[in-house]
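# Descriptive structure summary
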Amino acid sequence: MLAVPEKIWICLHLTLKGKYLTLGLIARHQRLALQVIEGLLPLLIKVKAESTLVRVSRLKRYSNFEGLNYTFKDFEQPSPPILTYPALFNIGNNTSFNGYIPSNGQEIFSDGSKLKNKTGCAFCGFDRGSLQKEWMAKLEYHNTAFQVESLALKEEIAWANGQKCRAKLWCDSESVLKTIISPKSRNSIIKEIQMSLHTNPKIVFGWVKPHIGIPGNEAADELAKKEGPKSEIAAPKSYVKKPLKTASLQTWQTDWDEGETLRLIHNSIPKVSDILSSWTREVIQFATGHGPFPCFLKRFNLYHTIVAPVGKCATLCTLLLSTR
């Protein structure tokens, strides 16, 4: 890569077919080049994407972005927290984070699995070491690990309530258990779990460290990885960001490919990305014109003219970008 000494400043003046470019057009071209080099999504595209995200996730409206329709009903919506006096919200008293302690009664182990192509959850119910119940479900890839762990807990609580006996529920997701003991949670599945626990105080929760050879936890883990009946849970709000980002990059790429200017930089960086390029500070200043150049200084009334004839600068710019 060609290095530009700090003491040598090359004044790059842009012209188009022998005609001088206006100051506003120069500023726009410099900004477009800098966005591609620095990996900065154009503001107009970003504003449209953020507007779609707010409409869907917060305002609960339908929205369209670059031909894609987004429906707020397809994504997980918050629910009001459980209404009870703090003194009566005693789920935390029946929850332990001290690790697995074997018991002679009924034990239920739940687990979730999110692999590359599979997302599922399961629970296994034991009574004095004997397997009594197995349940598993398959979910979509966009469902999070928190969602699958919560669903497994919800189903095992429903089964334990039907047994009408004291049960110890073991889960290896500490984040899910801490959310359950919080009265401020607005997650719909967590709220259903909290309501079920209030009707059956005999259920006790416990956190178990995963993958340390505990038979019940290992059985639930293996069951969660199998192909079970399909279950549907609304996609989390975070999932809407992924298609929005993909559509934004595609729109940006189309604008970059169909542009009629900055083709030298396009030849060097044909594909846009939100990752910062490895260009040095001097090369970025030279390629974008954001530096001590007359066309840039004129914008701040620090130079007497806008542009000057290109001369050999275009050849030098081509040589600089071709060496990358």
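Everything below is about the structure printed above this text.
These numbers were taken from a predicted model, which means no experiment stands behind them.

What follows covers the nonpolar core. Judged by nonpolar contacts, the single largest core of 30 residues is most densely connected at Cys121, Leu153, Ile180, Ile193, Leu197 and Phe205. Tallying contributions element by element places helix α3 (residues 145-163) first for this core, with 7 residues. Non-local contacts of Ile180, meaning those with residues more than four positions away in its chain, are made with Phe89, Ile91, Leu153, Ile190, Ile193, Gln194, Leu197 and Phe205. In terms of nonpolar packing, the next biggest core, distinct from the first, is built from 25 residues, Ala49, Leu262, Val272 and Ile284 among them.

Across all of its chains, the model carries 6 aromatic pairs by this definition. Arranged with centres 4.9 Å apart and planes meeting at 70°, the rings of Tyr100 and Trp170 form a pair that is edge-to-face. Taken together, the residues Tyr100 in the loop between β5 (95-96) and β6 (106-114) and Trp170 in strand β9 (residues 167-171) connect sequence positions 70 residues apart. Taking the relative accessible area as the measure of exposure, Trp170 reaches 2% and is therefore buried. Between the aromatic rings of Phe123 and Trp135, the centroid separation amounts to 5.7 Å while the plane-to-plane angle is 20°, which identifies the pairing as stacked. Of the two residues, Phe123 is situated in strand β7 (residues 119-127) and Trp135 in strand β8 (residues 130-139); the sequence distance between them amounts to 12 residues. Grouping aromatic residues by their ring pairs yields a cluster made of Tyr100, Phe109, Phe126 and Trp170.

Taken together, 6 strands build an open sheet; the order of strands is β5-β10-β9-β6-β7-β8 and the sheet is mixed. In this open sheet, the two strands that pair with only one neighbour each are β5 and β8. Where β6 meets β9, 5 bridges bridge the pair, whose relative direction is parallel. Bridge pairing links Ile108 to Leu169 in β9. Running over the sheet, α3 touches β6, β7, β8, β9 and β10 (203-207) and is turned about 155° from β6.

With respect to the secondary-structure elements, Ser63 resides in strand β3 (residues 63-65). Dropping the residues within four chain positions of it, Ser63 is found in contact with Thr52, Arg55, Val56, Leu68, Asn69 and Tyr70.

Below, the discussion takes up helix α6 (residues 215-224). All of the buried residues in α6 are Gly216, Asn217, Ala220, Asp221, Leu223 and Ala224. Seen along its axis, α6 keeps its buried residues to an arc of 165°; they face one direction. Residues of α6 that are buried make contact with β6, β7 and β8.

Thresholds applied
- Residue indices follow the written sequence of each chain, beginning from 1 at its first position.
- Given that this is a predicted model, residues contribute local features only at a pLDDT of at least 70 and side-chain atom pairs are listed and counted only at 80 or more, while totals for whole chains, interfaces and linings are drawn from all residues.
- Values shown for side chains rest on all heavy atoms present in the structure; no hydrogens or waters enter the calculation.
- Definition of nonpolar core: a set of buried residues of the types Ala, Val, Leu, Ile, Met, Phe, Trp, Tyr and Cys, connected through side-chain atoms within 4.5 Å.
- Only protein chains enter the calculation, and the probe is 1.4 Å; a residue is then buried if its accessible area is under 20% of its type maximum, exposed if over 50%, and partly exposed in between.
- Helix and strand assignments follow DSSP, with helices taken as H or I runs no shorter than four residues and strands as E runs no shorter than two, numbered in order from the N terminus.
- The contact definition used throughout considers only heavy atoms, calling two residues in contact when any of these lie within 4.5 Å.
- Aromatic rings from Phe, Tyr and Trp, taking only the six-membered ring of Trp, are treated as a pair when their centres fall within 6.5 Å; an angle between ring planes under 30 degrees marks them as stacked, one over 60 as edge-to-face, and anything in between as tilted.
- Criterion used throughout: strands pair if DSSP finds at least two bridges between them.
- Where helices are involved, their axes are fitted lines through C-alpha atoms of the stretch in contact, as for all axes, and angles between N-to-C directions lie from 0 to 180°.
- Each C-beta atom gives one direction from the helix axis, and the arc is the one those directions make.

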